[in-house]
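Each chain is listed here by its residues.
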Amino acid sequence: RRLIRCKDYMARRAADAGILAMECYFPQRYVPQTALEEADGCAGKYTVGLGQTALAFFDDREDIASVLLTACARLLERYGVPASAIGRLEVGTETLLDKSKSVKTTLMAQLFGAEHSDVEGVSSTNACYGGTAALLNSVAWVESSAWDGRYALVVCGDIAVYAPGPARPTGGGGAVAMLVGPDAPLVMAGPRATHAFEVYDFYKPRGDTEYATVDGKLSQDAYLASVDTCWSRLKAKLGAPAAAEQLGLNGSPADLRAFDYVCMHSPYNKLVQKGFARLLYGTAALGQPSATSVLTLSRRAAVGDFADDATAPRFAGDAQRWAGVPPAKTVGDREAEKCFVGLAKPDFEAKCAPSDTASRQVGNCYTAALYMNLLSLVSAKASSLIGARLLLFSYGSGAVATAFTLIGREPSGGSALALPPASPFTLERIATTAQLAERLTARTCSDLPTLTRALELREERYGQAGYEPSGDVGALAPGTYYLAAVDELHRRTYSRK
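Worth saying up front: this structure is predicted, and the values here are computed from it rather than measured. Here the residue numbering is sequential within each chain, running from 1 through the sequence in written order. The model is predicted, so local features are restricted to residues of pLDDT at least 70 and side-chain atom pairs to those at 80 or more, both for listing and for counting; the totals for chains, interfaces and linings are taken over all residues. For the side-chain quantities, the full set of heavy atoms in the structure was used; hydrogens and water were omitted.

A. Structural detail: helix α10 (residues 334-352). Every helix listed is a DSSP run of H or I at least four residues long, and every strand listed is a run of E at least two residues long, numbered separately from the N terminus. The length a helix should cover is 1.5 Å for every residue beyond the first. Counted at 1.5 Å a residue, the expected span for α10 with its 19 residues is 27 Å, but the 22 Å between its end C-alpha atoms falls short. At K345, α10 shows its largest kink, close to 50 degrees, and the proline P346 lies no more than four residues downstream. Burial classes: relative accessible area under 20% of the type maximum marks a residue as buried, over 50% as exposed, and values in between as partly exposed (1.4 Å probe, protein chains only). Of the positions making up α10, those classed as buried are A336, C339, F340, A344, D347, F348, K351 and C352. Put simply, D333 is the residue that caps the front of α10, since its side-chain oxygen is 3.0 Å from the backbone nitrogen of E335. In this scheme, the bend at a residue equals the angle between the axes fitted to the seven residues that finish there and the seven that begin there. Whenever a nitrogen or oxygen atom comes within 3.5 Å of another N or O atom, the pair is scored as a polar contact, on the condition that within protein one atom can donate a hydrogen and the other can accept it, and that pairs from neighbouring residues in sequence are kept only if both atoms are in side chains.

B. Region of the structure containing the packing of helix α3 (residues 64-78) against helix α4 (residues 104-111). To get an axis, fit a line to the C-alpha atoms, keeping to the stretch in contact for a helix; angles then go from 0 to 180 degrees between the N-to-C directions. Direction vectors running N to C along α3 and α4 enclose 50 degrees, while the axes themselves pass 10 Å from each other. The angle between the axes of α3 and α4 places the two elements in the oblique class. Seen from above, α3 lies across α4 with right-handed handedness. When α3 is examined against α4, the residues A65, L68, L69, C72, A73 and L76 are found in contact with a partner set consisting of T106, L107, Q110 and L111. Under the scheme applied here, ten amino acids are nonpolar (Ala, Val, Leu, Ile, Met, Phe, Trp, Tyr, Cys and Pro), four are charged (Asp, Glu, Lys and Arg), and all others, including Gly, are polar. Classifying every residue of the contact of α3 with α4 by side-chain character gives eight nonpolar, two polar and no charged. Orientation categories follow fixed angle ranges, with anything under 35 degrees roughly parallel, anything over 145 roughly antiparallel, 65 to 115 roughly perpendicular, and all other angles oblique. By convention the crossing between two helices is left-handed if the near helix lies anticlockwise of the far one by an angle smaller than a right angle, and right-handed if it lies clockwise. Pairs of residues are marked as contacts when any of their non-hydrogen atoms sit within 4.5 Å.

C. Up close: the pairing of strand β8 (residues 186-196). Any two strands between which DSSP finds at least two bridges are classified as paired. Pairing analysis gives two bridges linking strand β1 (residues 18-25) to β8, with the strands arranged antiparallel. By the bridge assignment for β8, I19 is matched with L186. For β8 and strand β13 (residues 400-408), the ladder comprises eight bridges, and the chain directions are antiparallel. For L186, the partnering residue across the bridge sits in β13 and is G408.

D. Spotlight on the sheet that holds strand β4 (residues 86-92). Within the open sheet, the nine strands sit side by side as β5-β4-β6-β7-β1-β8-β13-β12-β11. Their pairing is mixed. The sheet is open, and its two edges are formed by β5 (123-124) and β11 (261-264), each paired on a single side. Pairing between β4 and strand β6 (residues 151-160): six bridges, direction parallel. Bridged to E90 within β6 is V154. Sheet strands in contact with α4 are β4, β5 and β6, and its direction is about 135 degrees off that of β4.

E. Here's a closer look at empty space enclosed by the protein. Definitions used throughout: a 1 Å grid over protein atoms alone; a cavity as a set of points that fits a 1.4 Å probe which cannot get out; a pocket as an open set with protein on both sides within 12 Å along at least five of seven lines; a lining residue as one with an atom within 4 Å of a point. Grid points are joined across faces, edges and corners, and a volume is the space filled by probe spheres set on the points. Summed over all chains, the structure comprises five cavities of 30 Å³ or more. Looking at the largest cavity, its volume works out to about 100 Å³. If you go around the largest cavity, you meet 13 residues; those closest to its centre are K274, R278, T330, A336 and E337. At the level of secondary structure, the elements contributing two or more residues to the lining of the largest cavity comprise α8 (269-286) and α10. A per-class count over the lining of the largest cavity returns seven nonpolar, two polar and four charged.

F. Quick peek at the layout of surface pockets. What the largest pocket holds in volume is close to 1,300 Å³. Contributions of two or more residues to the lining of the largest pocket are made by α4, β9 (202-203), α15 (448-461), β15 (481-486) and β16 (492-496). When residues of the lining of the largest pocket are assigned to their parent elements, the largest contribution, four residues, is made by α4. Across the lining of the largest pocket, the residue classes tally to 15 nonpolar, 17 polar and 14 charged. Approximately 790 Å³ is the volume attributed to the second largest pocket. Lining the second largest pocket are 30 residues, with L50, T170, G216, Q220 and Y268 positioned closest to its centre. Among the elements of the structure, α6 (216-238), α8 and α10 are those that each provide at least two residues to the lining of the second largest pocket. The dominant element in the lining of the second largest pocket, judged by the number of residues it contributes, is α6, at six residues.

G. Expanded view of the environment of S123. Topologically, S123 is positioned in strand β5. According to the relative accessible area criterion, S123 is partly exposed, its value standing at 25%. Sequence separation between S123 and V154 is 31 residues, and the spatial gap between their C-alpha atoms is 9.9 Å. Excluding its chain neighbours within four sequence positions, the residues that come into contact with S123 are V91, S102, V103 and K104. A polar side-chain atom of S123 sits 2.7 Å from a polar atom in the side chain of S102.

H. Just the confidence of the model for the protein, in detail. pLDDT is a residue-level measure of predictor confidence that goes from 0 to 100. Summarising the model, the protein shows a mean pLDDT of 89, and 90% of its residues fall at 70 or more. With pLDDT under 50 throughout, residues 1-11 is counted as low confidence; its partners more than four residues away or in other chains account for two contacts. Long-range and interchain partners of residues 286-308, a stretch whose pLDDT sits below 50, account for 45 contacts in this model, where long-range means more than four residues apart.

I. Region of the structure containing the packing of aromatic side chains. Classification of ring pairs uses Phe, Tyr and Trp, with its six-membered ring standing for Trp, and accepts pairs whose centres are within 6.5 Å; under 30 degrees between planes counts as stacked, over 60 as edge-to-face, and the remaining range as tilted. Enumeration according to the criterion identifies 11 aromatic pairs in this entry. Ring geometry for Y223 versus F393: centroids 5.5 Å apart, planes at 85 degrees, classification edge-to-face. Taken together, the residues span a long stretch of sequence, with Y223 in helix α6 and F393 in strand β12 (residues 389-396) at a distance of 170 residues. One exposure class covers both Y223 and F393, and it is buried. Grouped by ring-pair contacts, the aromatic residues Y79, Y151 and F425 constitute a single cluster. In this scheme, the term charge over a ring applies when either NZ of a lysine or CZ of an arginine sits within 6 Å of the ring centre and within 35 degrees of the ring normal. Just above the ring of Y281 sits the side chain of R278; from NZ or CZ to the centre is 5.1 Å. Above the face of the Y30 ring, R443 is positioned so that its terminal group lies 4.3 Å from the ring centre.

J. Geometry of the sheet that holds strand β2 (residues 29-32). Across the sheet, three strands lie side by side as β3-β2-β14; this open sheet has mixed pairing. Across the chains shown, the open sheet's two edge strands, defined by having one partner strand only, are β3 (54-56) and β14 (444-445). Examined bridge by bridge, β2 and β14 share two bridges and lie parallel to one another. Pairing of R29 across the sheet is with T444, part of β14. Of the strands in this sheet, β2 and β3 are in contact with helix α2 (residues 33-40), which crosses β2 at around 50 degrees.

See below:
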């Protein structure tokens, strides 16, 4: 009898688990990258060299808890989701307020209340990868035998600030909140491929500053090498018949052509362009072996087989110089980079550029960067993503990276709450609710002295106790949570505009 009940329960387990809804928050103020170029005497360095349009910034009135609070509140309120419907809340961030206490508890206090404390999850931290860890954990919870029928809420975000100098224009900040559950319009499907390894490319060993220790060249190389490794491993896994069937490849090559869109972690847009080119290079250099064993495929990929795609007309000419050369040997090769970025440009514009709207105008959001790009893509394409395969690449310094797949679909509506309006969670609803383009346009353009003073305030206040922030509350958008005070014991209180 117990066995029968177990089978009945398993039959009711969640199907098509993934992202039901999305919302975001980013600063109301920004500085054009052209203003930074003019001040630094380097025309084109940040707009062309980095591929960025603007730099959004926070002063001392906002910390990571207030930023995440605003993103979560927007999602819960705009989708009509009550706190009682959330069974898991998981945070991804590297912007730590405390080395012990999870920021999740602050979110609970402000949004849930004492009567809704039965909520699993804490914070996931590994540089920019924490948001992906939180999402994977939450999807796994919904798909598990421990799932109790409620939604998971994932929120990821960071405040990216750098000391005065060449790294400062690569800052930014923001947060993305995602509701996770069954019958999702963005379902997580197929195998994943991860690359975890030791590298000191970007890390924060000091407790007296929020500035990171960064080796820019090493970080770029680690990112690109991680694209290569994850892409090689994912293609190998997709060569297995079961995985190919799950993604509906139907005999199609498991390469870049199998994906309609690509979203990548974006420290700055030019690195995304280089990373996307590595996908094309990997397709060209590694080819598509005919064997279906994952082990066989992995071994062949490792020696850099040059097959099928390398003979295609698009790879004629200069690209043949790298025929059979393993991707690892070309990381940092400027000539190979230039060649394949050029070859990849049409595919980049069609598959990847639609996802860069927010990240180019807001800057680096660390853990939220990939998901700000995903929200940009959904905002741009909405219901046209139904049936589309999306390749996502997540990278966090130190380092951990994962490539995985989302598939757009038309939900049955069974996951919608029975609340007015009883609307199902759809791609179109995500796009219309986020109002991303309108909100970006409505921001305030600030000058360089305002940016400098805001970041000086953050630097002065970092680690202090017993103060009230002096940042201008009037500069915040309506509905924004903000830091009201920090007492002598470093305990923080928050208000909402």
